[in-house]
Amino acid sequence: MILEALGSAVLGLTLALIAAYRLSHRLPARPLVLSTGIAGALFGDFVTHTALGSAPTWPSLLGAAIISAASLSLLLRPAGRLRRSATA
């Protein structure tokens, strides 16, 4: 269980580093992105492990990756400036 949690934390950190590198212009500060990735992966591992019980490790890591990616996607900002029309 400890190794599963450690593996999911490393997976969340890896996803957060990839997102911070590729989408740095659309994400907030790097410490927030990294902590969100790790926390999302740990929460995803917890939810998946609770739902499936004593299943193999890979479904828990898959759930951790999905929840981590979903939580990182909530941090994204729009790519360009929003334009307002003259009537608004």
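Quick notes on the rules
Residues numbered from 1 in each chain as written. Predicted model: local features only at pLDDT ≥ 70, side-chain atom pairs only at ≥ 80, totals over all residues. Heavy atoms only, no water. Helix = DSSP H or I, 4+ residues; strand = E, 2+ residues; numbered from the N terminus. Buried < 20%, exposed > 50% of the residue type's maximum accessible area, 1.4 Å probe, protein only. Contact = heavy atoms within 4.5 Å. Areas by Shrake-Rupley, 256 points an atom, 1.4 Å probe, with all protein chains shown as cover. Expected span 1.5 Å × (residues − 1).

> Quick question: what am I supposed to make of the overall build of the chain here?
The secondary structure content of the chain amounts to three helices and zero strands. In sequence order, the secondary structure elements of the chain are arranged as α-α-α. Structurally, the chain occupies a C-alpha span of about 60 × 25 × 15 Å along its principal axes. When burial is assessed residue by residue, the chain has 27% of its 88 residues classed as buried. When contacts within the chain are restricted to residue pairs at least 6 apart in sequence, long-range pairs at least 24 apart make up 71% of them. Only carbon and sulfur atoms are counted for the fraction: they give 70% of the accessible area of the chain, which is about 6,100 Å².

> Can you help me understand helix α2 (residues 30–52) in this one?
Residues that lie three or four places apart on an α-helix share one face, since the helix turns once every 3.6 residues. Here α2 contains 23 residues, and its C-alpha end-to-end distance of 33 Å stays within 8% of the 33 Å for a straight helix at 1.5 Å per residue. For α2, the set of buried residues is Val33, Thr36, Gly37, Gly40, Ala41, Gly44, Asp45 and Thr48. A positive backbone phi angle near 75 degrees is found at Gly53, which sits one or two residues after α2.

Just distances and angles here, no functional claims.
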